Structures are given as C-alpha cells and as structure tokens.
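This is what each chain is made of:
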Amino acid sequence: MSQAVAGHPILDPVLAPTFPKAALPILRNAQLRKNVTHATDVIQAKRAKLVAEKTDWQDLRSAAAEIRAHALENLGEYLEQFEARCTAAGGTVHWASDAAEARQIIVDLLREEKASEVIKIKTMTSAEIQLNPAIEAAGIHAYETDLAEIILQLGDDEPSHIVVPALHVNRSQVREIFARRMGIKDLSDDPQVLTGAARNYLRQKFLKVPTAISGANFLVAETGAVAVVESEGNGRMCLTLPRTMITLAGIDKVIPRFKDLEVMLQVLARSATGERMNPYTSLWTGVTPGDGPQRFHVVLLDNGRTSILAKPKERQTLRCIRCAACLNTCPVYRQTGGHAYGSVYAGPIGAILTPQLMHLEHAQTLPFASSLCAACYEVCPVKINIPEVLLELRAQVVDQERKGMDKFKDLLYWGLRIANLIFARAWLFRTAQWGGRIGLRFFTGKDGWIHWMPSWGGRWTVSRDLRGLPDQTFRQWWAARAKGAK
Amino acid sequence: MRASLFITCYNDTLYPETGRAVVTLLERLGVELEFRAAQTCCGQMHANTGFRAEAFSQAKRLVRLYSDAEAVVIPSSSCVCMMRDQYPGLFEELGNESLRRDFAALLPRVYELTEFLVDQLKVEDVGAYFPHRVAYHPSCHALRGLHIGDRPVRLLNKVRGLELAPIENVDRCCGFGGTFSVKNFEVSSAMLGAKVHDLLSTKADYCTAVDNSCLMHIGGALHRQYAGMRTIHIAQILAATEGAAEEAA
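The rules behind the values
Residues numbered from 1 in each chain as written. Chains lettered and ligands numbered in written order. Predicted model: local features only at pLDDT ≥ 70, side-chain atom pairs only at ≥ 80, totals over all residues. Buried ≥ 20, exposed ≤ 12 C-beta atoms within 10 Å, placed from the backbone. Helix = DSSP H or I, 4+ residues; strand = E, 2+ residues; numbered from the N terminus. Arc of directions from axis to C-beta. Contact = placed C-beta atoms within 7 Å. pLDDT = per-residue confidence, 0-100. Nonpolar A, V, L, I, M, F, W, Y, C, P; charged D, E, K, R; others polar. Axes fitted to C-alpha atoms, helices over the stretch in contact; angles between N-to-C directions. Parallel < 35°, antiparallel > 145°, perpendicular 65-115°, else oblique. Left-handed = near helix turned anticlockwise from the far one by under 90°. Pairing = 2+ DSSP bridges. Domains from an automatic or database assignment. Core = buried A, V, L, I, M, F, W, Y, C linked by C-beta atoms within 7 Å.

Peer 1: Can you lay out helix H2 (residues 19-27) of chain A for me, pointing to particular residues and giving the numbers?
Peer 2: For H2 of chain A, every residue scored as buried is listed here: Phe-19, Pro-20, Ala-23 and Ile-26 of chain A. End-on, the buried residues of H2 of chain A take up no more than an arc of 115°, which puts them together on one face. Looking at the buried residues of H2 of chain A, the elements they touch are helix H3 (30-52) and helix H16 (333-336) of chain A together with helix H11 (185-200) of chain B.

If you want it as structure tokens, here you go:
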C-alpha cells in the first residue's frame, strides 16, 4: 500500500510513540545512523566554512532575529497587508484556522480545477497538515517533485529532516527504490544517473499536470509576494508550467519588507545548505498575464500558531525559518535521525515546535529529548533560545503531571519531589547522604564501583558504572579538619 | 582574599576529593576559604526537569545563604550556569522584590573555579605538577553557557609535566544532561559512545573537565569498558604538586 494512502503514521504526533520508544529501533539501525552521521557531517562542515568567511555573521544573525521578531510582534498587521497586496495583484487569500480546514480548502480548490493529479514543491507545512492522504482520499494523485521527496514517496518512507528530507537514505538505497518503482533495469548508483532517472520521471509530470501546490519560505507583506527557495529547479518548473498554483503557508512566514529578503536569504542559505546563495530563488506576486500560473491561491494556516504567539517566552519559536542548522548540530538528532521525533518537524526545533502545535496534548516527551547542550542556540540564524523554550515546556509538562493521575506511577516524579524536601534542610541532606551511602553499599562491588542498580538506577547502569559513595562526604572532611585545627 | 565555597550537592556526596583539591589549591594561592554547612543544592536538577517551584525554593535558599559572602566559588560550571541563566527567570516569575535585589547584588560575586582563578586571582600558573597526557573536555555549560573560553586550557598549559591532547568534535555533548541520562538512557548512551570513541583516540591518560557531572558520565563508561583512561576534575590537577601528588579519582 502506498505511503500516501496509508497516511503518515510515524510522523503524526497524535499517534507517535514516545521519543525514547521511537528512538530505540533507530539506534539499532546501523545503516540509518551511518547515513545520518555522514550527511550531517557534510552539511555542518559546509555551513561552518561559509559562516566563518562572513565576518559580520553575528550582526546578520541579530538583524535576522530582529526582522522575524518584529514581524511576529505585528503579525496581524503584516498579514492583512500581505492579503491586501496579494489580492490586488490577482491572488486569492484563504484563511485556515487548523489542519482540517486547510485540507478542505485545498481539496475544494483542486475539485474546482477538476484536477486528477497535482504536482508539489517540497513543503513541510503540507506534511504538517497531512495533506497528501487527504488529496488521495479525494481521488487526486499528488506527485512530489523534490528529488528527496520523490525518493520518500516512491520508497513509502517519511521525511526525517526539514531541509534534506531523505537524509537518512543513501544512494545505493535510492538506486534500489528507483529501480523497483520506475522499473529501470541495470540502474547504477552514480548520483548523475540517479538524478537523470528522476528527471525523466518528472519531466512527464511537469508537462502534463496543470495544477501545483507549493509551500513558502517567506511572504512579503509590503508587496504581497511569495518566496520559495530550492536547489533543484523543480520548484521553478512548478511555478512556471502549471495553470494553477496553490500555496500553503504558515502565518508565521511573513516578513515586512522586500528588502528584508537581503538578510533572510543570506542567513538561510548559509545555515541550511552551506551555500552563499541557494540555486533557485523564486518570487511571484499574484498573477501576471501570459506568465506563469493564471490562477493563484494562498492558504494561510494558523494550526496552533496564534496560541504560540500569545506566550511571550515561547513566541520566539515562530521566528524559525526552517534552515535545520539545529538538527545538523544536535548530538541527539545525530544519533536518532528525524523519525524518532514523531513529527515532520524533527530535531531541537521540532522538540519545541511540535508539542506547542499540539497544544501540549501530545508529544510531551519531546521537550525532554535534549541534553540541553545548547549547540542549537549557538547556530540558530534567528537566535531562537531553544534550551530556554525546552525548559519552559518541561515545566508545563510537569505541571500537567502534578494535576493528573499518572504521577502515581512515576518514580522519578516522587524522587524529585522528595529530593526537594531533603534539599530544604541541611540536616536532612546529611541524613540522606548517610542513608544513600548505606543503601548503595549493597550494590557496590569489591572494586568500589556500582555495576548494577534496580529501577531508575538501572537506566544509568545500562551502559555506565558509578563509583560507590565515598566513606566521607566533603562536609564531614571539612568539619573534621576544622575540629583538628582548633 | 576571602571566598565562600559552594561545593555543590553531588561533589559533596560523590566527589569529596574535588572539594579537598579546591581547598588545597585556593589556600595555597592565599585565599581564605569558608564553608557554610547549611548549603545543599542550587536547584539545577529540578529546574532542568521541569520542577520549577522546587527549583525556586532551592534557589531562594541559596541566595539567602550567601547574600553576605564576599565571593562564592563553585567548582561546577553547570551550577554557576543555573544561577546566571535560570535564577533571573525564576525570581522574575516567583520571587519578590527583595529577593531579586539580593540576587542582583550577589550574582557578580559568583564564580566558577577557573573564572575565579584567572579573572579574580589573576593567576594562570598555579604551581601545579601533573606529568600526564590529559584531554580537556569543555563541558557544554562551560563552553556555551558561561562562555568560559580558554581559561581552563590556559591554566592546564601552565601545569608542569602536563601534555594536552586535542579531542575530535571537542564541543559535542557527552550525552549526560542530568535526568536526560536516565529518561532517554538509550540515546544518552549512544551519545556517550561517540564521545568515548573520540576521547580514546586521544591516547590521553586522563580526561578532565570543570564539571564532575560530565566526568561521572564519561568515567562511568570508561570504567564499564575497562578502558585505560581515567577522569579527573580540573581542580585535582591544579592542586597536584611534585612530591604531594593529590589523590586522583
């Protein structure tokens, strides 16, 4: 059964298993981990080189953060401005409060077009609202045109990275998928041959499918323009050949002025792919007679974004420009790849974005899927303090737990509650140190180390020893020394 | 100079030799040290696990305890980071004006050990002798939290006999992350595996850091794997002198 019909069960935060559970089979998948490590190493090295050559990188970051923050502070105003300008230029703007509404709008538009097929430029937002299964259910076939998305669509797989969705697949696996699904015998795994196969497959679609769907990297309020950046030219094809273009964009994608692109495109290309400029930057404003699609719709999607916007600490999440630099540098993502996050948005940004889009009703383990090493914050081109938001969300998850019944079976919860009582009084802390020493002696080997502990302790000793508690705490030593000195 | 030692809860309990080394080192450099017996924990574990109210009560306790201290020295960058990065938010949300005032007055006098040595005592050569090949692991909180820079390296470079070993992917997390190491123990173990690989490639005798928490994690794996490398807190290296080799882990 094809992926598109089956839906995206792995990447649906409502249905996804917890992060630790989802990570486990991936940790056992040596090939996938090798692919992820290799790909992230390559992108990271390219990014590091291009960031280093930019002597004003920190200024650029500040400027980008400011543009995005300002746009969000005045989001209503800029969205209305975008709507007015886009409409004046011949586009039609639709507003969707949630995923279901956005899917309905797009399916209705496709029906109006009497479309039986539609071609798509890579859009993470469409995966967020699980658009493909809805389109398929309406009897319309959606063809992905981004190379990585084709690999995933033909391989019944799911995106694992925001910028490089098939990052977890290597070229011999791509060769296998193409050979099987395109029916090509004797296909080599030479990248040029593989892209040639994809090109042949795609050309037919570009020439005969008159309806296209895109996402948006930016919406320019000042002019009503939509910007899409890409590397392969498939987007340019979709933006020139079809009769009708439907663009799906989160309301967070708006920037105030055309000239803001100067900053945004610089930080995006360098952060995302380690390029000075991305190969294809397409900008279009409404409809131009005789040039490109003659019918143009923009679906502006909220789907939880305004509720994020309402929270001062979490608001910065919406500054994200989907460069995925945080994924590439994240030591957690580098081990697990994207699928463990159970959402189209993986990595550190996914760990804060997904639970918020779910109103914290799902994906509650994601804010804990980080060692808080802050490598993400360091590379973020729009300075999203991801660790800060992670901590905020962790506090909200714990507050949920306090109110619910699950806490009664959570030993760690009670451990931390009790630890807090102990830390409140030094004599209790001393007593606990003494008790801990006696208790752990039972598990301490002849070599003075602990190799096994039960329950939560066992989660430590699964891969790590722990030195047994010394006979004398520091405070005991200090007290004894002070006494000796007198 | 006078200073108050906040040893931190886990150093007190698990790594008292680090505390003893800090005392040896600072007293050798002429610092008059005091230890306030009422101290317990800074609240980091609670704050990082989402227990904000609990973290606040510990933070408040700590600020009150040290409000009249001349300087507070802490041999753990993550605890200092907790105070610098998280206390302000906690006090803004849950504290009152007097607490915020006391905290604002105290914060500039709180130092991580190597900050205290380099910035306050203005020493780099602390007269240490440690004839070993040592890999310095810059903990995430020291590196990206405190922006501690090369202070620890400058100190280590002046230790006689010590040979510094460069680590590949030096700025990558070891996978500890407090309760992350047990909540996500499989992923944490995978991260640790990568770090141990990079460390063993250095062929160093010791791995050192300014945080015993990372070292507990790394050292736990080294011990489990019968690897020929040990972990040691930087204070123990800096306290070591010829003829009086400080007890190593």
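Right, picking up where we left off after that structure.
Peer 1: Go over the environment of Thr-145 of chain A with me, naming the residues and quoting the values.
Peer 2: All names here are of chain A. Here Thr-145 is to be found in the loop between strand S3 (141-144) and helix H9 (147-154). Judged by the 27 C-beta atoms lying within 10 Å of it, Thr-145 falls in the buried class. The spacing of Thr-145 and Gln-104 is 41 residues in sequence and 22 Å in space, taken between C-alpha atoms. Sequence-distant contacts of Thr-145, defined by excluding residues within four places in its chain, comprise Ile-119, Lys-120, Ile-121, Leu-202, Lys-205, Asn-234, Met-237 and Cys-238.

Peer 1: So what's going on with the confidence of the model for chain B? Which residues, and what values?
Peer 2: Confidence along chain B averages 96 in pLDDT terms, with 98% of residues attaining 70 or more. With pTM at 0.96, the complex prediction returns an ipTM value of 0.97.

Peer 1: How would you explain the interface of chain B and chain A if you had to name every residue and give the values?
Peer 2: By convention, interface size is frequently given as the accessible area that disappears when the constituent parts associate. Between chain B and chain A, the contact holds 50 residues from the first and 49 residues from the second. With 7 residues, H11 of chain B is the single largest residue contributor to the side of chain B that touches chain A. For the side of chain B that touches chain A, the per-class residue count stands at 20 nonpolar, 20 polar and 10 charged.

Peer 1: Explain the packing of helix H4 (residues 52-66) of chain B against helix H6 (residues 97-106) of chain B to me, and be specific about the residues and the numbers.
Peer 2: All names here are of chain B. Closest axis-to-axis distance for the H4/H6 pair is 10 Å, and the angle between their directions is 60°. With respect to their mutual orientation, H4 and H6 come out oblique. Crossing geometry of H4 relative to H6 is assigned as left-handed. Between H4, through Lys-60, Val-63 and Tyr-66, and H6, the contact on the second element is made entirely by Leu-99, Asp-102, Phe-103 and Leu-106.

Peer 1: I'd love a proper account of the pairing of strand S4 (residues 211-214) of chain A, names of residues and values included.
Peer 2: Looking down a regular strand, the side chains alternate between one sheet face and the other. Residue and element names in this part refer to chain A. Taking every second residue as pointing to the same face, both faces of S4 are buried, with Thr-211 and Ile-213 on one and Ala-212 and Ser-214 on the other. Relative to strand S7 (residues 244-250), S4 runs parallel, the two sharing 4 bridges. Bridge assignment links Ile-213 to a residue of S7, and that residue is Ile-246.

Peer 1: Any details on the sheet that holds strand S9 (residues 280-285) of chain A? Residues and values, ideally.
Peer 2: All names here are of chain A. Strand order in this open sheet of 4 strands is S8-S5-S6-S9, and the pairing throughout is mixed. At either end of the open sheet lies a strand with only one pairing partner, and these are strand S8 (254-255) and S9. Examined bridge by bridge, strand S6 (residues 225-230) and S9 share 6 bridges and lie antiparallel to one another. Within S9, the position partnered with Val-229 by the bridge is Thr-281.

Peer 1: Explain the domain arrangement of chain B to me, using residue names and the numbers behind them.
Peer 2: Residues and elements named next belong to chain B. Structurally, chain B comprises domain 1 (2-120) and domain 2 (133-239). Taken over C-alpha atoms, the centre of domain 1 sits 22 Å from the centre of domain 2. Tallying the contact residues gives 26 residues for domain 1 and 23 residues for domain 2. Elements with a contribution of two residues or more to the side of domain 1 that touches domain 2: helix H1 (9-14), helix H2 (16-28), helix H3 (44-49), helix H5 (77-94) and helix H7 (113-120).

Peer 1: Any details on the nonpolar core? Residues and values, ideally.
Peer 2: Most often, soluble globular proteins have nonpolar side chains that are buried together. Counting 219 residues, the largest nonpolar core has Val-118, Met-264 and Cys-326 of chain A together with Ile-237 of chain B as the members making the most contacts within it. Residue contributions to this core peak at 8 residues, all from H5 of chain B. Cys-326 of chain A has contacts with Gly-347, Pro-348, Ile-349, Cys-376, Val-379, Cys-380 and Ile-386 of chain A, leaving out every residue within four places of it along the chain.

Peer 1: So what's going on with unusual backbone geometry? Residues and values would help.
Peer 2: One non-glycine residue, Leu-372 of chain A, lies in the positive phi region at around 60°. Looking at the secondary structure, you find Leu-372 of chain A in the loop between helix H17 (347-357) and helix H18 (375-379). Using a count of 26 C-beta atoms within 10 Å as the deciding quantity, one classes Leu-372 of chain A as buried. Its identity is not glycine, yet Lys-203 of chain B carries a phi of approximately 55°, on the positive side.

Peer 1: How would you summarise the environment of Ala-22 of chain A if you had to cite specific residues and measurements?
Peer 2: Residue and element names in this part refer to chain A. One can find Ala-22 in helix H2. Sequence spacing of Ala-22 and His-339 is 317 residues, and the spatial spacing of their C-alpha atoms is 7.5 Å. Leaving out residues up to four positions away in the same chain, Ala-22 has contacts with Ala-16, Pro-17, His-339, Ala-340 and Gly-342.

Peer 1: So what's going on with the environment of Leu-411 of chain A? Which residues, and what values?
Peer 2: Residues and elements named next belong to chain A. With respect to the helices and strands, the residue Leu-411 is situated in helix H20 (residues 411-423). A residue is classified by how many C-beta atoms lie within 10 Å of it, and Leu-411, with 9 of them, is exposed. For Leu-411 and Ser-172, which are 239 residues apart along the polypeptide, the C-alpha to C-alpha distance reads 46 Å. Contacts of Leu-411, omitting those with residues within four sequence positions, involve Ser-455 and Trp-456.

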